[in-house]
Amino acid sequence: MLSKLRIRPKKYSLTATMIQVMFLLFAMLIVLKLIQLQVIESGYLSEKARQMRQPLRTFSFRGEIVDRNGVRLAADTTLYDIYAHPKYYKDKPEKMAMLLSPYLKQPEDLLFKKLNMLDEPTIKLAKNVDRGTVIKIKKLNLRGLDLVKKNERVYPQGNLASHIMGYVNMDANLSAGVENTGSKDLEALPKINPIEYNGKGDVIYDNNTDPAYATSPLTGEKLTLTIDTAIQHVAEIELGKMMQKTRADRGTVIVLNPKNGEILGFAVLPSYNPSNYNKAKASIVKNWVLSDVYPPGSTFKIITISSALETKSITKNERLMDTGKIKLKGWEITNYDYGKHGAPGLIGLKYLFMHSSNIGSLKVALKIPAEKHYNMLRLFGIGSKTGIDLPGESAGIIPPPKEWDVVKHATIGFGYSIASTPIQIASAVAAIANNGIWVTPHVIKYNKAEREKRIKSHKVLSPETARTMTDILSASIQDSEAQAGKIPNYRVAGKTGTSRKPNPNGPGYIPGQVFTSFAGYFPAKNPQVVIMVVVDNPKGVEMWGSTVAGPVFNNIASETARILNIEPDAPGLNTRKKGD
Amino acid sequence: MVSSVRTYKKASQYSEANPIIRGHFPKNQNSKEIAIFRLNRFLGCVLALSMAASMVSYTMVIAKESTLADIHTKTNDINFENIELQNKADYAKSFYNINDKIVKAHYLQKADSVLEVNGKNTTPVAVNNKEEIKVQPVSGY
């Protein structure tokens with residue numbers, strides 16, 4: 001055993017000693033270096049390391065916007081801006097220009113001119129280059145090019161719901177629509193363990209690194225709208241067809257759920273593509289449905305009669321003497337069909353709505369004490385912003401009751417002497433459909449906590465008054481000669497309106513120009529949808545609410561009932577029988 | 001006399017330079033030296049193994065990081081491509097696009113007017129000289 005463990009006799013060897021000394025010196029060098037790194041320069045190096053490893057996620061995507069069914073309405077994509085730095089060129093500008101020209105779709109001589117500005121530190125070569133092209137440019141291995149990634153907003157649905165979507169210009173910090181009101185959520189990035197990068201910009205993977213986040217851009221929160229894309233599309237198509245037919249200036253359709261204030265469709269025409277909002281006229285980009293006011297005309301009679309019933313100024317069986325025309329303080333007011341029907345005499349509320357009696361409405365209005373009338377209108381939201389979650393809303397115009405004289409009070413009865421926005425009328429009518437409870441209209445779907453904070457509701461009418469109004473309105477639609485509001489299998493409660501267009505440059509009205517409108521809801525038995533149609537300045541012979549806005553309402557209502565699968569409350573009603 | 005004896009003794013004394021017997025006679029090793037030797041040998045082996053393991057591990061880590069960087073780049077590319085394709089797909093199936101295409105193709109356009117023409121009563125022509133085709137029956141049909 002011991003023979004295997006031979007130890008050679010120790011001999012002094014200069015070479016061995018030298019090697020040992022060298023190793024010792026080397027070890028001492030390492031120790032000294034470690035002391036330098038770990039002790040002397042510790043603070044500086046830690047800070048440097050922190051700087052190099054800190055999350056460099058400066059590039060992030062804005063959150064998506066989707067409709068109530070998850071259909072994407074807005075998202076981000078990646079584009080690149082390309083810059084050249086002459087200091088770092090490896091190739092000659094001629095060669096670079098020749099190679100880049102086909103990809104950047106710029107003439108070679110122009111590119112050469114740009115690239116040859118050798119005194120410039122940075123040269124802008126191209127903007128908004130797509131990712132595919134950039135990959136090809138990267139393969140050219142040209143030194144001195146800087147490919148700067150940026151995100152761009154895209155709207156896959158094109159012009160659809162453009163006035164709800166709005167637009168966003170991140171460079172100029174401009175936005176409109178839900179891009180504006182929802183920006184806080186859209187820009188809220190998820191809280192994740194910070195991803196660290198090495199000096200070369202590569203991700204340092206460790207056990208806490210989530211590859212899903214490391215390999216895709218951080219994206220803001222998804223914003224879900226209450227809009228139903230199918231209903232929105234139908235609303236835009238039907239409105240567009242009528243506007244084309246009547247050569248109208250502009251138009252809007254608001255479809256909302258009266259029970260919770262959710263807007264299902266919000267068509268505003270003419271529309272624009274939010275991706276190219278800067279190419280559209282300011283008057284088109286503006287959401288005039290919220291900002292501009294109009295005299296609601298006969299649709300306002302719904303609010304007048306509701307207010308009178310609620311304040312007990314009239315009963316549901318009220319009889320009114322309709323003289324066809326009346327003179328108040330020198331102002332002559334007539335029914336629109338005075339020439340045809342003259343003075344119809346004693347009329348009921350159903351007749352008032354069927355024939356849109358101005359005289360009947362003003363008589364009802366004058367029965368309500370001015371102060372009470374004013375308070376009722378304020379409860380309906382007239383003269384106040386609805387609080388819709390879109391920017392640029394105006395409150396409308398309603399004079400205080402002390403300024404009301406008999407003419408003003410009377411004309412308010414049929415929708416003049418005040419001005420409101422279409423959304424105000426839609427939400428006021430929705431309050432009647434919702435058993436007298438007014439709810440804030442909105443386009444963003446909120447969670448329970450946010451909903452309680454942002455969506456207000458208050459009582460306007462008693463359920464009995466609301467029910468009475470629905471019965472009168474649906475009976476007037478059904479018994480009317482006009483087709484407006486008559487849709488198969490459903491009873492509709494609603495009212496047409498035709499109002500003269502005020503002169504924006506002074507007093508009076510623009511001759512021959514009108515707003516035609518229809519405000520209605522269905523099924524009358526259990527209202528689930530309110531539709532408000534306004535067409536501005538249709539051109540033709542018979543331009544009335546019943547002939548312009550009414551057919552638009554009918555088509556949209558039928559399609560909405562089909563899309564939402566609403567149970568019919570009157571099967572067989574308004575359906576054509578075989579042989580008819 | 002005394003000095004000669006001393007000289008003899010000195011000359012006869014054992015020394016490594018002048019051994020009495022020549023040959024390889026290993027020294028007896030004590031247990032301490034053996035233990036130190038064993039420990040050194042063990043530590044040497046451990047060091048060698050650690051170095052080998054470190055080299056292998058370093059190579060593997062570098063290879064892994066390279067693969068990971070490659071996968072990261074590819075996944076990144078796929079994700080960005082997917083985002084672009086999703087946008088294109090959404091646009092392609094959007095109501096706006098479909099409607100636009102249908103309008104441009106006049107797919108659902110109705111005729112502005114329908115021309116009504118009188119039907120012409122013509123006597124059917126009887127073809128008498130029609131060649132008869134003789135078909136040979138084939139088994140299996």
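Residues numbered from 1 in each chain as written. Chains lettered and ligands numbered in written order. Predicted model: local features only at pLDDT ≥ 70, side-chain atom pairs only at ≥ 80, totals over all residues. Heavy atoms only, no water.

### Quick notes on the overall build of chain B
Now for step 1: Helix and strand counts for chain B come out as three helices and zero strands.
Now for step 2: Taken from N to C terminus, the helices and strands of chain B fall in the order α-α-α.
Now for step 3: In chain B, buried positions account for 8% of the 141 residues.
Now for step 4: On chain B, roughly 13800 Å² of surface is accessible, and the fraction owed to carbon and sulfur atoms is 60%. (Helix = DSSP H or I, 4+ residues; strand = E, 2+ residues; numbered from the N terminus. Buried < 20%, exposed > 50% of the residue type's maximum accessible area, 1.4 Å probe, protein only. Areas by Shrake-Rupley, 256 points an atom, 1.4 Å probe, with all protein chains shown as cover.)

### Re the side chain of A:Glu238
Residue and element names in this part refer to chain A.
Now for step 1: Looking at the element boundaries, Glu-238 is found in helix α10 (residues 229–246).
Now for step 2: In this structure Glu-238 comes out as buried when scored by relative accessible area, which is 13%.
Now for step 3: When neighbours within four sequence positions are excluded, Glu-238 is seen to be in contact with Val-552, Asn-555 and Ile-556. (Contact = heavy atoms within 4.5 Å.)

### Let's talk about the nonpolar core
Nonpolar side chains tend to gather and get buried jointly when the protein is soluble and globular.
Residues and elements named next belong to chain A.
Now for step 1: Residues Leu-225 and Phe-266 are the most contacted members of the largest nonpolar core, which totals 76 residues.
Now for step 2: No other element matches helix α19 (residues 422–433), which puts nine residues into this core.
Now for step 3: Setting aside residues up to four positions removed in sequence, Phe-266 forms contacts with Ile-164, Ile-227, Gln-232, Val-253, Ile-254, Asn-287, Val-289, Leu-290, Ile-388 and Ile-423.
Now for step 4: If you look at the next biggest cluster of nonpolar residues, it comprises 33 residues, including Ile-231, Met-243, Ile-477 and Met-543. (Core = buried A, V, L, I, M, F, W, Y, C linked by side-chain atoms within 4.5 Å.)

### Topic: α10(A)
Now for step 1: Along its 18 residues, α10(A) runs 25 Å from first to last C-alpha, staying within 8% of the 26 Å computed at 1.5 Å per residue.
Now for step 2: Within α10(A), the full set of buried residues consists of A:Thr229, A:Ile231, A:Gln232, A:His233, A:Val234, A:Ala235, A:Glu236, A:Glu238, A:Leu239, A:Met242, A:Met243 and A:Thr246.
Now for step 3: The inward-facing, buried residues of α10(A) abut β3 (72–84), β12 (250–256), β13 (263–269), β22 (529–536) and α22 (545–564) of chain A together with α3 (95–104) of chain B.
Now for step 4: Two to three positions downstream of the cap, the backbone nitrogen of A:Ala230 sits 3.0 Å from a side-chain oxygen, assigning the N-cap of α10(A) to A:Asp228. (Expected span 1.5 Å × (residues − 1). Polar contact = N/O pair within 3.5 Å; in protein donor to acceptor, adjacent residues only side chain to side chain.)

### Looking at the sheet that holds β12(A)
Residue and element names in this part refer to chain A.
Now for step 1: If you trace the five strands from one edge of the open sheet to the other, you get β13-β12-β22-β21-β20, paired in antiparallel fashion. On the outer flanks of this sheet lie β13 and β20 (493–502), each paired with one strand and no other. Going from strand to strand, the sheet's axes swing by 10 degrees on average, the running direction of each strand aside.
Now for step 2: Bridge analysis of β12 against β22 gives seven bridges, and the strand direction is antiparallel. (Pairing = 2+ DSSP bridges. Axes fitted to C-alpha atoms, helices over the stretch in contact; angles between N-to-C directions.)

### Thoughts on the packing of aromatic side chains
Residue and element names in this part refer to chain A.
Now for step 1: For the structure on display, the rule yields nine aromatic pairs over all chains.
Now for step 2: On the numbers, 5.6 Å between centres and 70 degrees between planes, the contact of Tyr-490 with Phe-522 is edge-to-face. Placement of the pair is Tyr-490 in the loop between α21 (463–479) and β20 and Phe-522 in strand β21 (residues 509–522), with a sequence separation of 32 residues.
Now for step 3: Owing to a relative accessible area of 7%, Tyr-490 belongs among the buried residues under this scheme.
Now for step 4: Judged by relative accessible area, Phe-522 falls into the buried class, the value being 0%.
Now for step 5: These aromatic residues form a ring-pair network of at least three members: Phe-414, Tyr-416 and Tyr-509.
Now for step 6: For the cation-ring pair, Arg-250 lies above Trp-288, with the distance from its terminal atom to the ring centre recorded as 4.2 Å. (Phe/Tyr/Trp six-rings, centres within 6.5 Å; stacked < 30°, edge-to-face > 60°. Lys NZ or Arg CZ within 6 Å of the ring centre and 35° of its normal.)

### Some details on the interface of chain B and chain A
Often, the extent of an interface is quoted as the loss of accessible area upon association of its parts.
Now for step 1: Every contact between the two is made by 23 residues of chain B and, on the other side, 29 residues of chain A.
Now for step 2: Surface buried jointly by chain B and chain A totals about 2400 Å² across both partners, of which 60% is contributed by carbon and sulfur atoms.
Now for step 3: Counting every contact that joins chain B to chain A gives two salt bridges.
Now for step 4: Across the pair A:Arg72 and B:Asp90 runs a salt bridge, and its minimum N-O distance is 2.5 Å.
Now for step 5: Applying the counting criterion to the chain B and chain A interface returns seven residue pairs in polar contact (both at pLDDT 80 or more). (Buried area = accessible area lost by both parts, 1.4 Å probe. Salt bridge = Lys/Arg side-chain N within 4 Å of Asp/Glu carboxyl O.)

### Regarding the pairing of β3(A)
All names here are of chain A.
Now for step 1: Taking burial as the measure, the 13 residues of β3 include twelve buried ones, the bulk of the element.
Now for step 2: Across two bridges, strand β2 (residues 65–66) lies against β3 in antiparallel orientation. Bridge assignment links Val-66 to a residue of β3, and that residue is Arg-72.
Now for step 3: Connecting β2 to the next strand, β3, in antiparallel fashion are five residues, including Gly-70 with a positive phi near 90 degrees.
Now for step 4: The pairing of β3 with strand β5 (residues 145–154) spans ten bridges and is antiparallel. Bridge pairing links Ile-82 to Leu-147 in β5.
Now for step 5: Pairing between β3 and strand β4 (residues 123–130): five bridges, direction antiparallel. Within the sheet, the bridge partner assigned to Leu-79 lies in β4 and is Asp-130.

### What about the pattern of salt bridges?
Working definition: two side chains of opposite charge can pair if their charged atoms are close together.
Now for step 1: Overall, the coordinates contain 26 salt bridges over all chains when judged by the stated rule.
Now for step 2: For A:Asp76, the salt bridge is made with A:Arg153, and the minimal N-O distance between the two is 3.0 Å. Separated by 77 residues along the polypeptide, A:Asp76 in strand β3 and A:Arg153 in strand β5 bring together distant segments of the chain.
Now for step 3: Of the residues examined, A:Arg153 reaches a relative accessible area of 6% and is grouped as buried.
Now for step 4: B:Asp100 serves as the salt-bridge partner of B:Lys104, at 3.2 Å between the closest nitrogen and oxygen. In this pair, B:Lys104 and B:Asp100 are both assigned in helix α3, four residues apart and thus about one turn of the helix distant.
Now for step 5: The class for B:Lys104 is exposed, based on a relative accessible area of 60%.
Now for step 6: Overlapping salt bridges bring together A:Asp249, A:Arg250, A:Lys286, A:Asp292, A:Lys501, A:Asp536 and A:Lys539 as one network.

### Details of the environment of A:Gly220
Residues and elements named next belong to chain A.
Now for step 1: Here Gly-220 is to be found in the loop between β10 (218–219) and β11 (223–224).
Now for step 2: The class for Gly-220 is buried, based on a relative accessible area of 10%.
Now for step 3: Separated by 160 residues in the primary sequence, Gly-220 and Ser-60 have C-alpha atoms spaced 7.8 Å apart.

### Here we look at the pairing of strand β15 (residues 325–328) of chain A
Within a regular strand, side chains alternate between the sheet's two faces.
All names here are of chain A.
Now for step 1: Here β15 shows a buried face lined by Ile-326 and Leu-328 and an unburied face lined by Lys-325 and Lys-327.
Now for step 2: Judged from the four bridges that link them, β15 and strand β16 (residues 331–334) form a sheet pairing that is antiparallel. Bridge pairing in β16 links Lys-325 to Thr-334.
Now for step 3: Between β15 and β16, which pair antiparallel in sequence order, lie two residues; one of them, Lys-329, sits at a positive phi of approximately 45 degrees.

### Points about a nonpolar patch on the surface
Now for step 1: The grouping of A:Val31, A:Leu32, A:Ile35, A:Val39 and A:Ile40 at the surface amounts to a nonpolar patch, some 490 Å² of accessible area in total.
Now for step 2: Structurally, the position occupied by A:Ile35 is in helix α1 (residues 14–40). (Patch = residues over 30% accessible without salt bridge, like charges linked within 9 Å, V, L, I, M, F, W, Y side chains within 5 Å.)

### Describing α19(A)
All names here are of chain A.
Now for step 1: With twelve residues, α19 should reach 16 Å at 1.5 Å per residue; the first-to-last C-alpha distance of 16 Å fits that figure.
Now for step 2: Counting buried residues in α19 gives twelve out of twelve residues, a clear majority hidden from the surface.
Now for step 3: The complete set of buried residues in α19 reads Pro-422, Ile-423, Gln-424, Ile-425, Ala-426, Ser-427, Ala-428, Val-429, Ala-430, Ala-431, Ile-432 and Ala-433.
Now for step 4: Within two residues after α19, Asn-435 carries a phi angle of roughly 55 degrees, on the positive side.

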